[in-house]
Amino acid sequence: QVQLVESGGGLVQAGGSLSLSCLASGRTFSPYGMGWFRQAPGKEREFEAGISWSGLSTYYVDSVKGRFTISRDNAKNTVYLQMNSLKPEDTAVYYCATQSRGRYDDGGSYEYWGQGTQVTVSS
């Protein structure tokens, strides 16, 4: 079992920045790829960013490329999502998850999920 706890969400004005963190505990963190997803009210959960276990490979959905940066610190069992130039449409609950197989942009590739952290971007 891996437990994931997200933090860093909040309310920010459009154009602002937030930094999300996801702390893992339980089983060894390093062998897992990690991903960030988000779910807006009334919408499906969507992939936003992923990172390989080494941190050398990263993946982003087109809508956040150039604005969001995913990174990880395996020594701290933590994955981060730096979000810049935030837009009102980025408002959602953000979840981190461990990726065990398959494509990074496929939610079915992920095994453990956090409880989510709310990000609200005002216009």
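Scroll up a little and you will see the structure.
What comes next concerns the included structure.

**Details of the side chain of Ser52**
In step 1: Structurally, the position occupied by Ser52 is in the loop between β5 (46–51) and β6 (58–60).
In step 2: The class of Ser52 is buried, set by a relative accessible area of 10%.
In step 3: Among the polar contacts listed, one links the side chain of Ser52 to the backbone nitrogen of Leu56, at a separation of 3.4 Å.
In step 4: Setting aside its immediate chain neighbours within four residues, Ser52 contacts Gly33, Ser57, Arg72 and Tyr104.

**So, the nonpolar core**
In step 1: With 26 residues, the main nonpolar core has Leu4, Trp36, Leu81, Met83 and Tyr94 as its most contacted residues.
In step 2: For this core, the secondary-structure elements that each account for two or more residues are β1 (2–7), β3 (18–26), β4 (33–39), β5, β7 (68–73), β8 (78–83), β9 (92–99) and β11 (117–122).
In step 3: The biggest single contributor to this core is β3, with four residues.
In step 4: Once residues lying within four places of it in the same chain are set aside, the contact partners of Leu81 are Leu18, Ser19, Leu20, Trp36, Ala49, Phe68, Thr69, Ile70 and Tyr94.
In step 5: Among the nonpolar cores identified, the runner-up in size contains five residues, and Phe37, Phe47, Ala97 and Tyr110 belong to it.

The rules behind each value
- Counting of residues starts from 1 at the beginning of each chain's written sequence and follows it residue by residue.
- Local features in a predicted model are, by the rule used here, given only for residues with pLDDT of at least 70; side-chain atom pairs are given and counted only at 80 or more, and totals for whole chains, interfaces and linings are based on all residues.
- For side-chain calculations, the full set of non-hydrogen atoms in the structure is used, while hydrogens and water are omitted.
- Labels follow the DSSP assignment, with helices taken as runs of H or I lasting at least four residues and strands as runs of E lasting at least two, numbered in each case from the N terminus.
- The cut-offs for exposure are 20% and 50% of the maximum accessible area for each residue type, with area from a 1.4 Å probe on protein chains only; residues under the lower value are buried, those over the upper are exposed, and the others partly exposed.
- Here a polar contact is taken to be a pair of N or O atoms separated by no more than 3.5 Å, where protein atoms must pair a possible hydrogen donor with a possible acceptor and residues adjacent in sequence count only if both atoms sit in side chains.
- It only takes one pair of heavy atoms within 4.5 Å for two residues to be counted as in contact.
- Within this scheme, the nonpolar core is defined by two criteria: the residues are buried Ala, Val, Leu, Ile, Met, Phe, Trp, Tyr or Cys, and they are joined through side-chain atoms within 4.5 Å.

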